[in-house]
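Per-entry structural report
Letter by letter, the chains look like this.
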Amino acid sequence: MNNNNMQPRPLDGITVVSLEHAIAAPFCTRQLADMGARVIKVERPGSGDFARGYDERVNGLASHFVWTNRSKESLTLDLKQDDAGEVLDNLLAKADVLVQNLAPGAAARMGLSFEALHERFPKLIFCDISGYGDGGSYEKKKAYDLLIQSEGGFLSVTGGAGEGELAKAGCSIADIAAGMYAYSNILTALLLRGRTGLGSRIDVSMLESLVEWMGYPLYYAYDGATPPPRAGAAHSTIYPYGPFPSGDGGTVMLGLQNEREWQAFCERVLLQPALAGDERFSANSKRSANREALRAIIVETFAALTAEQVIERLEQAQIASAHVNDMAGVWNHPQLKARDRWRQVDSPAGALPALLPPGSNSAFTPRMDGIPGLGEHTESLLAELGYSEAAIAGLKATGAV
């Protein structure tokens, strides 16, 4: 589908069939839809993607579902029925990509493994997203985002310094990581098919996706070295880098990266130029080791200032800083407004705001279509596949759709 200016999008003409639920696969396929792909979301009749029921925060719709499912078509199929399997086969005959993140082994049991499909649909790209990937003793293990954050070491470096102060990420970071790698791997598989003419199988593991993002703490702890300590919202090994209170009850996030910035921080923010030569703080490793003493000095100075006054001093000294926004602050972020990043999309609950996907391309605009109701496109898709009204009625009668 082209945009209003008839500018072609990169994935125009690509059809994706997705047996998806929760976040990882839907986040992947929504991004494919953003780039112009037609995404047909196969859902269980009656209940659909269980993420539809996570909450009712968006005018009665679930927040996760609204985020990850715009620009898709919803087709309800009971894949345990033979008639539904025939419908899926007809879809796959015209599809370029099949994505699935069902329970481990479920797709294979339904005859939907790459090995079973490749001979019949040699151009089809198959993307399998799971917690731990094929093989190994963890292959069949259930995997949810928090569990992968735990297995992947993320929790060990996140949260407060005290015992029992582990903290998960406030968003589904393991699901997001897997969705991003599924998306990028599908793009590369499409490029490869353009050269070979054949589809291929992609095996994306949530664990491996998150561990890739853990590269810094992994190498910091290389060969049995002490891992970075948990430091709350501060940086574990660079200081000062993190949140500091201001006198008006606000919080300012700031970060120093080098000795030039440390000098400027002492002279123009703390107004204590002699502090730059204090031996306790003369290198980042020393500032990090003596962070409690340095924090006390910073907090004492900031206590006489409002958050905005602190940020003004930091800006003048060219020290990186940020507001500590809550979600209301992000909804109203002036930079997102200045760059015109919000759009309206349709949904069963009416028009909703949606953020344009990151990365603007001068040649096209992303697709920003509606969020589908459960089974909203079932009849139109079946008609497109050649099913008559009577045949569609028969499928409904048996519960296949």
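Residues numbered from 1 in each chain as written. Predicted model: local features only at pLDDT ≥ 70, side-chain atom pairs only at ≥ 80, totals over all residues. Heavy atoms only, no water.

**So, the overall build of the protein chain**
Stated formally: Labels follow the DSSP assignment, with helices taken as runs of H or I lasting at least four residues and strands as runs of E lasting at least two, numbered in each case from the N terminus. Partly exposed describes any residue whose relative accessible area lies between the buried limit of under 20% and the exposed limit of over 50%, with all areas from a 1.4 Å probe on protein chains only and scaled to the type maximum. Two residues qualify as a contact provided that any one of their heavy atoms is within 4.5 Å of a heavy atom in the partner residue. Only the protein chains shown count as cover for residues, with accessible areas throughout obtained via the Shrake-Rupley method and a probe of 1.4 Å. The positive count covers Lys and Arg only, the negative count covers Asp and Glu only, and His and the chain ends enter neither. Taken as the charge centre is NZ of Lys, CZ of Arg, CG of Asp or CD of Glu, depending on the residue.
When you go through the protein chain residue by residue, the secondary structure sums to 17 helices and 11 strands. Referenced to the eigenvectors of the C-alpha coordinate spread, the extents of the protein chain come out at roughly 85 × 50 × 40 Å. Taking all 401 residues of the protein chain together, 44% fall into the buried category. Long-range pairs, those at least 24 residues apart, make up 67% of the contacts in the protein chain with a sequence separation of at least 6. As presented, the protein chain carries roughly 20,200 Å² of accessible surface, and 53% of it is formed by carbon and sulfur atoms. Of the side-chain charges in the protein chain, 36 are positive and 47 negative, and the distance between the mean point of each set is 2 Å.

**A word on unusual backbone geometry**
The residue after Tyr239, namely Pro240, is reached through a cis peptide bond having omega -5°. Look at Ala22: it is not a glycine, yet its phi comes out positive at around 65°. Here Ala22 shows up in the loop between strand E1 (15-19) and helix H1 (24-34). At Asp340, a residue that is not glycine, the phi angle is positive and equals roughly 55°. Tracing the backbone through its elements, the reader meets Asp340 in the loop between helix H15 (334-338) and strand E10 (342-345). Here Asp340 falls in the partly exposed class, since its relative accessible area comes to 46%.

**As for the environment of Ala397**
With respect to the helices, strands and loops of the structure, Ala397 is situated in helix H17 (residues 389-398). Look at Ala397 and you get exposed, because its relative accessible area is 69%. Separated by 367 residues in sequence, Ala397 and Arg30 place their C-alpha atoms 31 Å apart.

**As for the packing of aromatic side chains**
The cut-off we apply is this: Here a Phe, Tyr or Trp ring, Trp counted by its six-membered ring, pairs with any other such ring whose centre lies within 6.5 Å, and the pair is stacked when the planes are under 30 degrees apart, edge-to-face when over 60, and tilted otherwise.
Counted by the stated rule, this structure contains 10 aromatic pairs. With centroids separated by 6.3 Å and ring planes inclined at 85°, the aromatic side chains of Phe244 and Phe302 adopt a geometry described as edge-to-face. With Phe244 in strand E7 (residues 241-245) and Phe302 in helix H12 (residues 291-302), this residue pair connects regions lying 58 residues apart in the sequence.

**Comments concerning the sheet that holds strand E3 (residues 72-76)**
Whether parallel or antiparallel, the strands of a sheet pair through hydrogen bonds between backbone atoms. Selection rule: At least two bridges found by DSSP between two strands is the condition for calling them paired. Here the axes come from fitting lines to C-alpha atoms, over the contacting stretch only for helices, and the angles between their N-to-C directions go from 0 to 180 degrees.
One open sheet holds the 6 strands; their spatial order is E3-E2-E1-E4-E5-E6, and the pairing between them is parallel. Two strands close off the open sheet at either side, each with one partner strand: E3 and strand E6 (201-205). Neighbouring strand axes in the sheet, compared pairwise and without regard to direction, differ in orientation by 20° on average. Pairing of strand E5 (residues 125-130) with E6, which is carried by 5 bridges, proceeds in the parallel orientation. In the sheet register, Ser130 faces E6, and the bridge partner there is Ser205. Running at roughly 150° to E1, helix H3 (residues 82-92) makes contact with E1, strand E2 (38-43), E3 and strand E4 (97-100) of the sheet.

**Notes on the pairing of strand E11 (residues 352-355)**
Of the two faces of E11, only one is covered, namely that formed by Leu352 and Ala354; the face formed by Pro353 and Leu355 stays uncovered. Bridge count between E10 and E11: 4 bridges; the pairing is antiparallel. The partner of Val345 across the bridge, within E11, is Leu352. Where E10 hands over to E11, the hairpin turn is made up of 6 residues, of which Gly350 adopts a positive phi near 100°.

**Description of the packing of helix H10 (residues 259-269) against H12**
Threshold: Each crossing gets its hand from how the near helix is turned against the far one by less than a right angle, where anticlockwise is left-handed and clockwise is right-handed. Throughout this entry, Asp, Glu, Lys and Arg are counted as charged residues, while Ala, Val, Leu, Ile, Met, Phe, Trp, Tyr, Cys and Pro are counted as nonpolar. The remaining residues, Gly among them, count as polar.
At their nearest, the axes of H10 and H12 sit 12 Å apart, and the two run at 35° to each other. Here the hand of the crossing between H10 and H12 comes out left-handed. For the pair formed by H10 and H12, the contact residues are Trp262, Phe265 and Val269 on the first element and Leu294, Ile298, Thr301 and Phe302 on the second. When its residues are assigned to classes, the contact of H10 with H12 shows 6 nonpolar, 1 polar and no charged.

**Comments concerning a nonpolar patch on the surface**
Our working definition: Here the term patch refers to residues with relative accessible area over 30% and no salt bridge, with like charges joined within 9 Å and nonpolar side chains (Val, Leu, Ile, Met, Phe, Trp, Tyr) within 5 Å. By salt bridge we mean one thing: a side-chain nitrogen of Lys or Arg within 4 Å of a carboxyl oxygen of Asp or Glu.
Side chains of Met327, Val330 and Trp331 sit close together on the surface and give an oily, nonpolar patch of about 320 Å² of accessible area. Structurally, Met327 is set in helix H14 (residues 327-331).

**Concerning the environment of Gly162**
Among the structural elements, Gly162 can be located in the loop between helix H6 (145-151) and helix H7 (173-196). The class of Gly162 is partly exposed, set by a relative accessible area of 22%. Remark: the alpha-carbon pair of Gly162 and Ala231, spanning 69 residues in sequence, is separated by 9.2 Å.

**Digging into the nonpolar core**
Heads up, the rule is: Here, nonpolar core means buried Ala, Val, Leu, Ile, Met, Phe, Trp, Tyr and Cys residues that are tied together by side-chain atoms lying within 4.5 Å of each other.
One finds Val16, Leu32, Val97, Val99, Cys127, Ile129 and Ile186 to be the most contacted residues of the largest nonpolar core, which totals 35 residues. Contributing elements (two or more residues each) for this core: H1, E4, E5, H7, E6 and helix H8 (206-213). Per-element tally for this core: the top contributor is H7, with 8 residues. Those residues in contact with Ile129 that lie beyond four places of it in its chain are Ala24, Ala25, Val99, Gln100, Asn101, Ala178, Ala182 and Val204. Counting 27 residues, the second-largest nonpolar core is a separate cluster that includes Leu19, Phe114, Phe121 and Leu381.

**What about H12?**
Heads up, the rule is: Multiplying one less than the number of residues by 1.5 Å gives the expected span of a helix.
The end-to-end C-alpha separation of H12 is 16 Å, in line with the 16 Å expected for 12 residues at 1.5 Å each. Those residues of H12 hidden inside the fold are in contact with E7, strand E8 (251-255), H10, helix H11 (284-289) and helix H13 (307-316).

**Focus: the state of the cysteines**
We apply this condition: Here, two cysteine sulfur atoms that lie within 2.5 Å of each other are counted as a disulfide.
The final tally for this structure, using the stated rule, is 0 disulfides. Here Cys127 is not disulfide-linked; the sulfur of Cys28 is the nearest cysteine sulfur, at 5.5 Å. Under the relative-accessibility criterion, Cys127 is labelled buried at 0%.

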